[in-house]
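What follows is the residue order along each chain.
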Number of protein chains: 4
Amino acid sequence: MIIALKQDASDDEIARFTAVLEQRGVTVHVSRGTSQTVLGLVGDTSGFDSEAIGAHHLVAKVIRVQEPYKRANRLFHPEDTRISVQSGTEHQIIGGGMLGIIAGPCSVESEDQIIAVAKAVKAAGASFLRGGVFKPRTSPYSFQGMGCEGMNLLAAAKKETALPLVSELMEIHQLEVFDEIDIIQVGARNMQNYNLLKELGKCSKPILLKRGLASTVTELLMAAEYIMAGGNEQVILCERGIRTFENFSRNTLDISVVPWLKQKTHLPVIVDPSHATGIASLVPAAAKAAIAAGADGLIIEVHNDPESALCDGEQSLTPEAFSDLMGTLKKYAEMEGKQF
Amino acid sequence: MIIALKQDASDDEIARFTAVLEQRGVTVHVSRGTSQTVLGLVGDTSGFDSEAIGAHHLVAKVIRVQEPYKRANRLFHPEDTRISVQSGTEHQIIGGGMLGIIAGPCSVESEDQIIAVAKAVKAAGASFLRGGVFKPRTSPYSFQGMGCEGMNLLAAAKKETALPLVSELMEIHQLEVFDEIDIIQVGARNMQNYNLLKELGKCSKPILLKRGLASTVTELLMAAEYIMAGGNEQVILCERGIRTFENFSRNTLDISVVPWLKQKTHLPVIVDPSHATGIASLVPAAAKAAIAAGADGLIIEVHNDPESALCDGEQSLTPEAFSDLMGTLKKYAEMEGKQF
Amino acid sequence: MIIALKQDASDDEIARFTAVLEQRGVTVHVSRGTSQTVLGLVGDTSGFDSEAIGAHHLVAKVIRVQEPYKRANRLFHPEDTRISVQSGTEHQIIGGGMLGIIAGPCSVESEDQIIAVAKAVKAAGASFLRGGVFKPRTSPYSFQGMGCEGMNLLAAAKKETALPLVSELMEIHQLEVFDEIDIIQVGARNMQNYNLLKELGKCSKPILLKRGLASTVTELLMAAEYIMAGGNEQVILCERGIRTFENFSRNTLDISVVPWLKQKTHLPVIVDPSHATGIASLVPAAAKAAIAAGADGLIIEVHNDPESALCDGEQSLTPEAFSDLMGTLKKYAEMEGKQF
Amino acid sequence: MIIALKQDASDDEIARFTAVLEQRGVTVHVSRGTSQTVLGLVGDTSGFDSEAIGAHHLVAKVIRVQEPYKRANRLFHPEDTRISVQSGTEHQIIGGGMLGIIAGPCSVESEDQIIAVAKAVKAAGASFLRGGVFKPRTSPYSFQGMGCEGMNLLAAAKKETALPLVSELMEIHQLEVFDEIDIIQVGARNMQNYNLLKELGKCSKPILLKRGLASTVTELLMAAEYIMAGGNEQVILCERGIRTFENFSRNTLDISVVPWLKQKTHLPVIVDPSHATGIASLVPAAAKAAIAAGADGLIIEVHNDPESALCDGEQSLTPEAFSDLMGTLKKYAEMEGKQF
């Protein structure tokens, strides 16, 4: 961390401020220029709060050179993390050259629906089934998900197809009914629900952490750090589009975040082209772009009857469209030296 | 709700689609043009999901004319809601011409600190004391608040000054220790934590609901609707800045939202100039602008020693600066025909 | 300017890089830490390009301490700049405690219209008449302004009311017909039209420079610097709202920019509540907020028949509404120790 | 266009308003519901201004069903437009299955530099050479480009390599020195410089139109419409990233815009991964994503010595990195059934 001081800082003031900083366990190198004094902090500054330091009356600017995340940082963990899931006879891996393709409806709506979709996405080559049973909806008057009953239907679909399951958890006590779920999803709106993250840090299942719709990538990594600091290092990061001024698409897919994250962290990075675009006809292009950009997987909404879907039908692929897309994605994966 | 159909919709298809819509309890008026057919839905469409309807293959555009919020809507509740708080001998009101000024530190740090700040803001004319004990922090390695111990210190400050208390709740089980808290704050990151909102709907205390940093005002009203739908109609809305491309200030204070909300809803609207700007020297101008724009109150960070604050020191006013500001705000309040 | 080097920079490389920097006229102080070397540049770095330096393979981060603007910087010019306009017997000042209220229609549409509006805004106390004759419109099929004929009508309105004129220039050759215009407006879309700015730097009339809809305030100050570097120091800065994800209002009025600019620059700062909100009923609240936040003036759209306006009717005040607003604004101006 | 009227509109008022609309050449279908009257406008509404109509006191909402662009609309021109450039013996095509790869430095800096880069990008398979001679720079104190002298150097590079040239025009009189330039670039800051667009509409050369950094895609298409309305239908659209809250990258590459534009318009769509990311190490991933998403080409910054570049070095590829990338891009192009 580098701290540029204001021009009128006196020697005495600088000495006192330096002493305060060193009490917190770092070594401070003072560099005096003719008009500007700069402090260079050496040591672990991940617990230092740039804003708090910036509030000191001597400080002009604070610059963080060291990244504030440690466990998620590729610098300290150069090899790719692989998330491994065993579900019956199926063994699926995400990361380290293995693509994870998660597909299924936004919401579980009925046994017929979820089993039909599960069979279809399995046939097309998906590695995981997704389905929401607790739904965060903007309006209290909209369909809120099937709740625990939906869990039973997911379990039935898993039994039928052996596909491991991904589902969103909205609060910690719901863990009681997540026995059959193989990967726990934290939704974009909960990315900074820190108590939830802390609890999931004690959990032994992989966490699929979606980026908040106005979160920076550094905030995403800090959210992963909350989970990892609790002991659970199995975190999958998910880019699902951010909110910008542009609204032809539901969100703006921030595709460059994929190669950037792959440089900064060892965690797998997947993309949700369905929420990122919000329009089914744009999903295939976005999915291909994600693989081309280096993503370790995709989470795609597929519905057997999008027009009657109780949520997000506009962005759901039909099983046929999904199957077509999977054929193309296999070739893209090969080009990138990955497999699924 | 108005639904514009695609140009190639046949009469049969339109008839079937109309029948489906009418089964959901609305009357559909069909208007056929030479190139375009338009459906006008009459009745309560607040439970209709525009996006789900937009997924139907016949639909070109969906336009919501009726606002999706009901209980928060001024149309059905023309008079201003007044939030009334009794704390010992103090009786404070927010809304309907009464300004509520909530002041105090970001975090409770010690008994000396909170009592000193409480006395100072009381002397300056504040009507409520704020102080966080459970702190949502971006980094797991930053100070996380004093927790339950902090609650005791807040209670001591209340005993000393008779100021009613405002504090942030991060998850529902924390309610157990919120006995002394008079207004429960929902932070920006929790604005769409729907389970939390539902639980607070069963609560008998007023809720101060902060706008999410990337939430539209309609989403803010829908979040209030979640609380109100549960039976708790005592909701105070709080504009605290949104995230934009501009970063000279911590957030961008969306000042126009104040008069817009005052037109659309009967709920009180307050402004947080501290988080909105993030810079103490900008807080007075932002606070005055908020009152000039019609706000029903302010929530301002005040710290007796901003340079040593454990969080948000950069944006905290000293007691002296707060006292000066209060003198000016009283004149602005008079100009707007309000009092505090 | 402070340059943090990468950890693996060797002594030789640092020496060579330092020599290159010093050839450009600055002194470089090298501060070696155990893990990090930091260079402090002393001297005039306003011509240094942070991004170009950041491209060097030794560089980890570049931090600008000195602001990149000089002529607009209050540090080197502590007193407020006052823009003075003499028009016939009228003498108007903007800045340094004097408020400038500029009012009039978006577009000049006819002699009757512009003279009626001019008389009305004069009667209400406006100090300048605005009116566009060259209109930047999103669609080539929309009304593009009256052009030179409109200039004659503006001149007629000036003759009738003695109000000095403000009008937007879209390209430099239009200066030929700007003889009667007292303040030349540069629109938001042209804020970074650098050739236009350079030409206006040779001009002897004050320039009203509107902030681009996605421009940072530093970019706004750099645009002013272009004009000032050419010799014209009479620049008025105008906040008119920025583009964000929120779209209940046409733009998002960035009110905090007003006090921030007043700290950083000596140039007058005005606000355009009409474009910032896009909704007539929100204009009065936004105008009051601007004065409360410290603005040196306002530019407000007024139309005698908003419903028939050829552009921007939705955001135009009627003469009656403008007159009411002016009564209130006078009291706000007094509170802030300003007059108009 | 559909106009929803306010609930209290009387029959007389509706009749008068309908008559006004019909005088402007459309047929109005009135659909009366019990609580809401809706007007459906049939005919050409591309010259109608939604905002002006929205200002009428009877109007609740205006919904545009027909897109406001005509010449750029794929609806009226289903086949892909191909931009064809003949330069000496070279014949290059962009669009309709042919990829155009434009490469070269941000700025022309010297004869040695531009010829070395030109030879390198030609050897790697680029189809066009780019190079700026008039540079729009944020600071008046930064390098502004070599001007006319740079044009001679570009011409020399063209003579040497036969690569057709792409360069940015900042104002219309510069056309005099653009004789050797084959495709004229309009920069992001000039996307809504309507006078410039109108003049380029009279020009016989293809125009590469970059999206403004805060422009919606519809505004981009309307800017193309300005050029096309003047008679020049050879327009190439370029996505180069938009400005958002996220700043790890220089801009946010809006990759979904590529398939969306390919659906809406027949014009070729290319991507600038250099400006979109601003970081050389992210350019290859962004370039591959663009081709995967359906782009018709790329414009990439290549510099023989990025560390000494006078602008944008941070985002420039070395000739070696560009050559490697081209090898990969060829395979991606084949996958998408395109060639270059």
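The structure under discussion appears in the preceding block.
The present account deals with the structure reproduced in this document. All values derive from a computational prediction rather than experimental measurement.

## Observations regarding the interface of chain B and chain A
(1) Moving on: The interface of chain B with chain A comprises 46 residues on the first partner and 46 residues on the second.
(2) Moving on: Summing both partners gives a buried area of about 4,000 Å² for chain B against chain A, and 46% of it is carried by carbon and sulfur.
(3) Moving on: At the junction of chain B and chain A, the tally comes to 4 salt bridges.
(4) Moving on: Across the salt bridge formed by Glu219 of chain B and Arg243 of chain A, the nearest N and O atoms sit 2.7 Å from each other.
(5) Moving on: The interface formed by chain B and chain A includes 22 residue pairs in polar contact (both at pLDDT 80 or more).
(6) Moving on: Of all the secondary structure elements, the ones that give two or more residues to the side of chain B that touches chain A are α2 (50–54), α5 (194–200) and α6 (217–229) of chain B.
(7) Moving on: Considered class by class, the residues forming the side of chain B that touches chain A number 15 nonpolar, 16 polar and 15 charged.

## As for the relation of the copies chain C and chain D
(1) Moving on: Mapping chain C onto chain D leaves a residual RMSD of 0.1 Å; the transformation is a rotation of 180° accompanied by 0.0 Å of translation along its axis. Such values leave the two copies arranged in the relation of a two-fold axis. The rotation axis passes nearest to the C-alpha of Ala214 of chain C in chain C, at a distance of 2.9 Å.
(2) Moving on: Residue by residue, 100% of the interface of chain C is reproduced at the interface of chain D, so both copies engage with the same surface.

## Considering helix α4 (residues 148–161) of chain C
Residue and element names in this part refer to chain C.
(1) Moving on: End to end, α4 covers 20 Å across 14 residues, agreeing with the expected 20 Å (1.5 Å per residue, within 8%).
(2) Moving on: The inward-facing, buried residues of α4 abut β5 (83–87), α3 (111–124), β8 (128–130) and β9 (165–168).
(3) Moving on: Of the residues one or two after α4, Ala162 is the one with positive phi, at around 65°.

## Some thoughts on the pattern of salt bridges
(1) Moving on: If you walk through the whole model with that rule in mind, you get 64 salt bridges over all chains.
(2) Moving on: When the shortest N-O distance is used, the salt bridge between Asp296 of chain B and Lys262 of chain B registers 2.6 Å. Taken together, the residues Asp296 of chain B in the loop between α9 (283–292) and β14 (297–301) and Lys262 of chain B in helix α7 (residues 257–264) connect sequence positions 34 residues apart. For the pair Asp296 of chain B and Lys262 of chain B, a shared accessibility class is recorded, and that class is buried.
(3) Moving on: The partner of Lys119 of chain D in a salt bridge is Glu160 of chain D, with the nearest N and O atoms 3.4 Å apart. With Lys119 of chain D in helix α3 (residues 111–124) and Glu160 of chain D in helix α4 (residues 148–161), this pair connects stretches of sequence that are 41 residues apart.
(4) Moving on: Looking at Glu160 of chain D, the relative accessible area reads 47%, which means it is partly exposed.
(5) Moving on: Overlapping salt bridges, with partners in common, bring together Arg211, Glu239 and Asp254 of chain A together with Glu246 of chain D in one network.

## What to know about the packing of aromatic side chains
(1) Moving on: Evaluated as defined, the whole model comprises 14 aromatic pairs over all chains.
(2) Moving on: Here the aromatic rings of Tyr194 of chain A and Tyr226 of chain A are separated by 4.5 Å at their centres, their planes lie at 25°, and the arrangement is stacked. Of this pair, Tyr194 of chain A sits in helix α5 (residues 194–200) while Tyr226 of chain A sits in helix α6 (residues 217–229), placing them 32 residues apart in sequence. Across this residue pair, the class does not change: Tyr194 of chain A and Tyr226 of chain A are buried.
(3) Moving on: Taking the ring centre of Tyr141 of chain A as reference, the NZ or CZ of Lys70 of chain B above it sits at 4.6 Å.
(4) Moving on: Across the ring face of Phe48 of chain C, the terminal group of Arg24 of chain C is positioned such that the distance to the ring centre comes to 4.6 Å.

## Observations regarding the packing of helix α10 (residues 319–335) of chain B against helix α10 (residues 319–335) of chain C
(1) Moving on: Across the interface, α10 of chain B lies against α10 of chain C with an axial gap of 11 Å and an inter-helix angle of 170°. Judged on the interaxial angle alone, α10 of chain C and α10 of chain B are roughly antiparallel. Two secondary-structure elements touch here, α10 of chain B through Thr328, Lys331, Tyr332 and Met335 of chain B and α10 of chain C through Thr328, Lys331, Tyr332 and Met335 of chain C.
(2) Moving on: Split by residue class, the contact of α10 of chain B with α10 of chain C holds 4 nonpolar, 2 polar and 2 charged.

## What to know about the side chain of Gln174 of chain D
(1) Moving on: Inspection of the secondary structure puts Gln174 of chain D in the loop between β9 (165–168) and β10 (183–186).
(2) Moving on: Filtering out sequence-adjacent residues up to four positions away, Gln174 of chain D remains in contact with Asn195 of chain C together with Phe134 and Leu169 of chain D.

## Focus: the pairing of strand β10 (residues 183–186) of chain B
Residue and element names in this part refer to chain B.
(1) Moving on: Of the two faces of β10, the one carrying Ile183 and Gln185 and the one carrying Ile184 and Val186 are both buried.
(2) Moving on: Here strand β9 (residues 165–168) runs beside β10; their pairing, made up of 3 bridges, is parallel. Among the inter-strand pairings, Val166 is bridged to a residue of β10, identified as Ile183.
(3) Moving on: By the bridge criterion, 3 bridges tie β10 to strand β11 (residues 207–210) in an arrangement that is parallel. Residue Ile184 lies in a different strand from β11, and its bridge partner there is Ile207.
(4) Moving on: For the crossover from β10 across α5 to β11, the handedness is right-handed.

## A closer look at the sheet that holds strand β7 (residues 100–104) of chain D
All names here are of chain D.
(1) Moving on: Read around the closed barrel, the 8 strands follow the order β7-β8-β9-β10-β11-β12-β13-β14; overall the barrel is parallel. The average undirected angle you get between the axes of adjacent strands in this sheet is 25°.
(2) Moving on: Here 5 bridges tie β7 to strand β14 (residues 297–301), and the two strands are oriented parallel to one another. Across the sheet, residue Ala103 finds its bridge partner in β14, namely Ile300.
(3) Moving on: Strands β13 (269–271) and β14 of the sheet are contacted by helix α9 (residues 283–292), whose axis makes an angle of about 165° with β14.

## Points about the sheet that holds β10 of chain B
Each strand in a sheet pairs with another by means of backbone hydrogen bonds, the pair being arranged parallel or else antiparallel.
Residues and elements named next belong to chain B.
(1) Moving on: Pairing is parallel in the closed barrel, where 8 strands are placed in the order β7-β8-β9-β10-β11-β12-β13-β14. The mean inter-strand angle of the sheet, taken between neighbouring strand axes irrespective of direction, is 25°.
(2) Moving on: Sheet contacts for helix α4 (residues 148–161): β8 (128–130) and β9; angle to β9, the most-contacted strand, approximately 165°.

## A look at the interface of chain C and chain D
(1) Moving on: Opposite the 46 residues of chain C that make contact, chain D presents 46 residues.
(2) Moving on: In this assembly, chain C packs against chain D so that about 4,000 Å² is buried in total across both faces, 47% of it on carbon and sulfur atoms.
(3) Moving on: Across the chain C-chain D interface, the total number found is 4 salt bridges.
(4) Moving on: Along the contact surface separating chain C from chain D lie 22 residue pairs in polar contact (both at pLDDT 80 or more).
(5) Moving on: If you list the elements that add at least two residues to the side of chain C that touches chain D, you get α2 (50–54), α5 (194–200) and α6 (217–229) of chain C.

## Looking at the environment of Asn73 of chain B
Residues and elements named next belong to chain B.
(1) Moving on: Relative to the assigned elements, Asn73 resides in the loop between β4 (59–63) and β5 (83–87).
(2) Moving on: You can call Asn73 buried: its relative accessible area is 5%.
(3) Moving on: Through-space distance from the C-alpha of Asn73 to that of Ile53 is 24 Å; in sequence the pair is 20 residues apart.
(4) Moving on: A polar atom in the side chain of Asn73 sits 3.0 Å from the backbone nitrogen of Leu75.

## Some words on the relation of the copies chain B and chain A
(1) Moving on: Rotating chain B by 180° about the axis while translating it 0.0 Å along that axis superimposes it on chain A, leaving an RMSD of 0.1 Å.
(2) Moving on: With an isologous cut-off of 70% or more, the 100% of interface residues of chain B that recur at the interface of chain A puts this contact in the isologous class.

## Some details on the environment of Ala72 of chain B
All names here are of chain B.
(1) Moving on: With respect to the element layout, Ala72 can be found in the loop between β4 and β5.
(2) Moving on: Judged by relative accessible area, Ala72 falls into the buried class, the value being 0%.
(3) Moving on: Note: C-alpha distance between Ala72 and Met228 (156 residues apart in sequence) is 7.6 Å.

## So, the side chain of Thr265 of chain C
Residues and elements named next belong to chain C.
(1) Moving on: The topology assignment puts Thr265 in the loop between α7 (257–264) and β13 (269–271).
(2) Moving on: The exposure class assigned to Thr265 is buried, which follows from its relative accessible area of 0%.
(3) Moving on: A distance of 3.2 Å separates the side chain of Thr265 from the backbone nitrogen of Leu267, its partner in a polar contact.
(4) Moving on: Those residues in contact with Thr265, other than ones at most four positions away along the chain, are Ala72, Arg74, Leu221 and Leu237.

## Quick word on the state of the cysteines
All names here are of chain B.
(1) Moving on: Evaluation of the coordinates by the stated rule reveals 0 disulfides over all chains.
(2) Moving on: Free of any disulfide, Cys238 has its nearest neighbouring cysteine sulfur in Cys106, separated by 14 Å.
(3) Moving on: Assessed through its relative accessible area of 0%, Cys238 is described here as buried.

Calculation notes
- Residues numbered from 1 in each chain as written.
- Chains lettered and ligands numbered in written order.
- Predicted model: local features only at pLDDT ≥ 70, side-chain atom pairs only at ≥ 80, totals over all residues.
- Heavy atoms only, no water.
- Contact = heavy atoms within 4.5 Å.
- Buried area = accessible area lost by both parts, 1.4 Å probe.
- Salt bridge = Lys/Arg side-chain N within 4 Å of Asp/Glu carboxyl O.
- Polar contact = N/O pair within 3.5 Å; in protein donor to acceptor, adjacent residues only side chain to side chain.
- Helix = DSSP H or I, 4+ residues; strand = E, 2+ residues; numbered from the N terminus.
- Nonpolar A, V, L, I, M, F, W, Y, C, P; charged D, E, K, R; others polar.
- Least-squares fit on C-alpha atoms with pLDDT ≥ 70 in both.
- Expected span 1.5 Å × (residues − 1).
- Buried < 20%, exposed > 50% of the residue type's maximum accessible area, 1.4 Å probe, protein only.
- Phe/Tyr/Trp six-rings, centres within 6.5 Å; stacked < 30°, edge-to-face > 60°.
- Lys NZ or Arg CZ within 6 Å of the ring centre and 35° of its normal.
- Axes fitted to C-alpha atoms, helices over the stretch in contact; angles between N-to-C directions.
- Parallel < 35°, antiparallel > 145°, perpendicular 65-115°, else oblique.
- Pairing = 2+ DSSP bridges.
- Right-handed = clockwise from strand over helix to strand, strands pointing away.
- Disulfide = S-S within 2.5 Å.

Coordinates in, geometry out; function isn't part of it.
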